[in-house]
Amino acid sequence: MTGHPPLLPLLADDALSPAAKAVFDDIRATRGSDFVNNFWRALAHDPELLRRTWEGVKAVMAPGALDPLTKELIYIAVSATNGCEYCTWSHTAGARPKGMTDAMLMEVLAVAAKANETNRLANGLRVPVDEAFLPAAAPQGTSVK
């Protein structure tokens with residue numbers, strides 16, 4: 001909500017190429033919703049970029065070792081850290097129906113902020129990584145895969 005207009009117009013459904021329409025159809029089917037947000041409408045100017053980006057997001061956000069709320073919280077933390085207002089809003093909206101509370105939002109932002117601070121301190125001071133944090137060395141004659 002920067003107040004700036006987009007660099008390219010957001011494409012309405014009736015302005016989509018057949019390739020972009022196919023991606024929008026998959027977005028709707030995957031999400032079980034008719035809503036396609038502005039991010040995808042901006043990317044629809046380049047149907048191949050739209051497809052690649054959607055496939056990547058769909059794969060990463062699909063069921064896996066992390067639960068859906070945790071994935072949204074990570075997305076919020078990274079988006080806030082990167083200064084992406086759009087993604088911070090989008091993934092906050094996505095996290096709420098998955099159970100995110102205001103307290104959880106505040107905590108994830110506090111953790112992200114603290115990680116940024118301590119990362120900068122460790123990098124600035126060039127602190128060597130403790131041996132205890134590294135995997136044990138492979139025994140002689142074997143290789144680590």
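This write-up is about the structure you can find in this document. (Residues numbered from 1 in each chain as written. Predicted model: local features only at pLDDT ≥ 70, side-chain atom pairs only at ≥ 80, totals over all residues. Heavy atoms only, no water.)

### Points about the pattern of salt bridges
Enumeration according to the criterion identifies 10 salt bridges in this entry. A salt bridge links Glu48 to Arg52; the nearest nitrogen and oxygen atoms lie 3.8 Å apart. In this pair, Glu48 and Arg52 are both assigned in helix 3 (residues 47-61), four residues apart and thus about one turn of the helix distant. For Glu48, a relative accessible area of 36% puts it in the partly exposed group. What makes Arg52 partly exposed here is its relative accessible area of 46%. (Salt bridge = Lys/Arg side-chain N within 4 Å of Asp/Glu carboxyl O. Helix = DSSP H or I, 4+ residues; strand = E, 2+ residues; numbered from the N terminus. Buried < 20%, exposed > 50% of the residue type's maximum accessible area, 1.4 Å probe, protein only.)

### With respect to the environment of Thr92
Along the chain, Thr92 turns up in helix 5 (residues 85-95). Exposure remark for Thr92: the relative accessible area of 12% places this residue in the buried category. Counting along the chain gives 16 residues from Thr92 to Ile76, while the straight-line C-alpha distance between them is 6.4 Å. Not counting the four nearest positions on each side in its chain, Thr92 is found in contact with Ile76, Met100 and Leu105. (Contact = heavy atoms within 4.5 Å.)

### Topic: helix 4 (residues 68-82)
It helps to recall that an α-helix has 3.6 residues per turn; residues three or four apart then point in one direction. Between its first and last C-alpha, helix 4 extends 21 Å over 15 residues, near the 21 Å set by a 1.5 Å rise per residue. Inspection of helix 4 places Leu69, Lys71, Glu72, Leu73, Ile76, Ala77 and Ser79 among the buried residues, and these make up the whole buried set. Buried residues along helix 4 sit against helix 3, helix 5 and helix 6 (102-125). At the N-terminal end of helix 4, a side-chain oxygen is found 3.1 Å from the backbone nitrogen of Leu69, two or three residues along, and the residue is Asp67. Backbone geometry just after helix 4 places Gly83 at a positive phi near 75 degrees. (Expected span 1.5 Å × (residues − 1). Polar contact = N/O pair within 3.5 Å; in protein donor to acceptor, adjacent residues only side chain to side chain.)

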